Amino acid sequence: MNEKKKGSIFDHLGLKLLALVIATIMWFLVMNVEDATIIKTISGIPVTMLNGESITENGNLYNVTDGEEVTILVQGPRSIVEGLEASNFSATADLSHLSVTNSTTISVKANDTVSIKDAKKLTITQVDEYVTLSIEKEVEKSVPVKVITTGTVASGYATGTATTTPNMVTVSGPGTVIASIVEARAVVDVTGADKDITVTEKLGCIDGYGSAIEKDNITLSVENVKVSIPVYETKEIPISVSTAGTPHEGYGVKAINYEPSSIVVAGEKEYLDKIEQIEIKDVVITDATENIEKNISLNEYLPADVFVAADSDDEIAISVEIIKYSENEVNIPKTDIKMNNQSEELVYFVKTPDFIKVKLEGFEEDIADIKTENLTPQIDVGSLGPGDHEVTVTFAESDKWTIKESYTVIVEVKKKE
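Reading the values: the criteria
- Residues numbered from 1 in each chain as written.
- Predicted model: local features only at pLDDT ≥ 70, side-chain atom pairs only at ≥ 80, totals over all residues.
- Heavy atoms only, no water.
- Buried < 20%, exposed > 50% of the residue type's maximum accessible area, 1.4 Å probe, protein only.
- Helix = DSSP H or I, 4+ residues; strand = E, 2+ residues; numbered from the N terminus.
- Pairing = 2+ DSSP bridges.
- Axes fitted to C-alpha atoms, helices over the stretch in contact; angles between N-to-C directions.
- Polar contact = N/O pair within 3.5 Å; in protein donor to acceptor, adjacent residues only side chain to side chain.
- Contact = heavy atoms within 4.5 Å.
- Phe/Tyr/Trp six-rings, centres within 6.5 Å; stacked < 30°, edge-to-face > 60°.
- Lys NZ or Arg CZ within 6 Å of the ring centre and 35° of its normal.
- Salt bridge = Lys/Arg side-chain N within 4 Å of Asp/Glu carboxyl O.

Q: Hey, could you run me through the pairing of strand β16 (residues 224-229) in this one?
A: What you see with β16 is a clean split: V225, V227 and I229 sit on the buried side and N224, K226 and S228 on the side with no burial. Of the strand pairs in this sheet, strand β12 (residues 197-202) and β16 are connected by 6 bridges, and their pairing is antiparallel. Bridging from a neighbouring strand, T198 pairs with S228 of β16.

Shown next, in the form of structure tokens:
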């Protein structure tokens, strides 16, 4: 019987070579797809101004009006481009080569954070190509120093008014820049403070919108200021509001609403101990026929040595609701009128009228269901002798309604038999 031949590496050699070629082509295709050429937009690359002395040596100053930052399009292999940021590029503008319009070109290149080998694979296209300047004479002006606090002082404490030394500084630079500066600002962190703060802080320039102005060509007469901030104890106190005067006839105060109902005040402990509440008694409603709304500064009602803490609103919003009164009429039978101070030797009768019609004025919900027992009508007969007498009827007092008229009855008095 014949033995089966053993296989050889040369068997099907053509097919094996074909498979190797296909695998190699596929590898190149995959590598090209994975590391394909892409384009990425990178913004915010700061432009460094070179040879600025060519302008300043003539006694002029310059202000960059356009082109402080540049945007570029970077083209290259995905493996390189995807990881690039603004910090990987340097942008410069040579101010010694200004055009008649005070412009010069921007040059952008990869900096030393990118290898020379990788940099050669990149194509950079600038979206922004020019820096434009305004060239001006130097001007100066004085601005106040303001303090901004950050953080929160210790619980139970509040900051007072900060003071600085100096409280005014002089800023100098290009006119258009200096014109926009309204103050110099120092920022102080007061986190956890429970005693007075004294620190030295760096100044920054602020424009009318509250934004920082960061320009290399601005100079301040002092770079740092000494800041002192008093820290006081606090106390929460209630607020009460009442009105002065009376509304127009036929109208009444339905409600007095106000917010806040309490505030946190600050000051030295000896002064805080003397104040228990804020009483606002001068909301004038004289002759009013409609609602009164107003905002009042709470500091006006505090002693000179106490102030509203920074984390409380220093204004109170007050609304006085003025409503026209309604009228109602209650029929009271003469038998319901109580007679006080009767003599044991006399007999008393309400002779006329059989009913008295009592007119009430008040808010509708307060007078809609009034009954005789709510009014407690009564007369005093203690001084009456035998005969007929006209006696005034009195009623229980109430702050919810008013009895518009006076009422009398005829009382007959006789001796007991």
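Q: So what exactly am I meant to see when it comes to the pairing of strand β2 (residues 60-66) here?
A: Of all 7 residues in β2, 5 are buried, a share of seventy percent or more. Pairing geometry for β2 and strand β7 (residues 130-150), over 6 bridges, is antiparallel. Looking at the pairing, N63 lines up with S134 of β7.

Q: Please clarify how the sheet that holds strand β24 (residues 326-333) should be interpreted in this entry.
A: The strands making up a sheet associate through backbone hydrogen bonding, with each pair oriented either parallel or antiparallel. Taken in spatial order, the 3 strands make up an open sheet running β24-β27-β30, and their pairing is antiparallel. Of all the strands in the sheet, just β24 and β30 (401-403) have a single pairing partner and so form its edges. The mean angle between the axes of side-by-side strands here comes to 30°, regardless of whether they run parallel or antiparallel.

Q: What am I meant to see in the side chain of N88 here?
A: Its location among the elements puts N88 in the loop between α3 (78-81) and β4 (89-94). Overall, the relative accessible area of 12% leaves N88 in the buried class. A distance of 2.7 Å separates a polar side-chain atom of N88 from the backbone nitrogen of E85. Look past the residues within four positions of N88 in its chain and what remains in contact with it is G83, K109, A110, N111, T113 and V114.

Q: I would appreciate a short explanation of the packing of aromatic side chains in the present structure.
A: The geometry of an aromatic ring pair is captured by two quantities: the separation of the ring centres and the angle between the planes. Throughout the structure, instances matching the rule amount to 3 aromatic pairs. Between Y325 and F363 the ring centres are 5.1 Å apart and the planes differ by 50°, which places this aromatic pair in the tilted class. Of this pair, Y325 sits in the loop between β23 (315-324) and β24 while F363 is found in the loop between β27 (355-362) and α7 (364-367), placing the two residues 38 residues apart along the sequence. A residue is classified by how much of its surface remains accessible, and Y325, at 28% relative accessible area, is partly exposed. Here F363 falls in the buried class, since its relative accessible area comes to 10%. Over the aromatic face of F363 sits the side chain of K254, whose NZ or CZ is 5.8 Å from the ring centroid.

Q: How do you make sense of the pattern of salt bridges when you look at a structure like this?
A: Any two side chains of opposite charge can pair, so long as their charged atoms come close to each other. This structure, assessed with the given rule, holds 14 salt bridges. Close ionic contact of E85 with K40 constitutes a salt bridge, the shortest N to O distance being 3.8 Å. Highlighted residues: E85 in the loop between α3 and β4 and K40 in strand β1 (residues 37-50), separated in sequence by 45 residues. Residue E85 is classed as partly exposed on the basis of its relative accessible area, which comes to 46%. Of the charged contacts, one joins K281 and E279 as a salt bridge, the two residues approaching to 3.5 Å between their closest N and O atoms. Residue E279 is classed as partly exposed on the basis of its relative accessible area, which comes to 39%.

Q: Please clarify how the environment of I280 should be interpreted in this entry.
A: One can find I280 in strand β20 (residues 278-284). You can call I280 buried: its relative accessible area is 0%. I280 sits 66 residues away from L346 along the chain, and the two C-alpha atoms are 55 Å apart. Aside from chain neighbours lying at most four places away, what touches I280 is I239, S240, V241, S242, I296, L298, Y301, I316 and I318.

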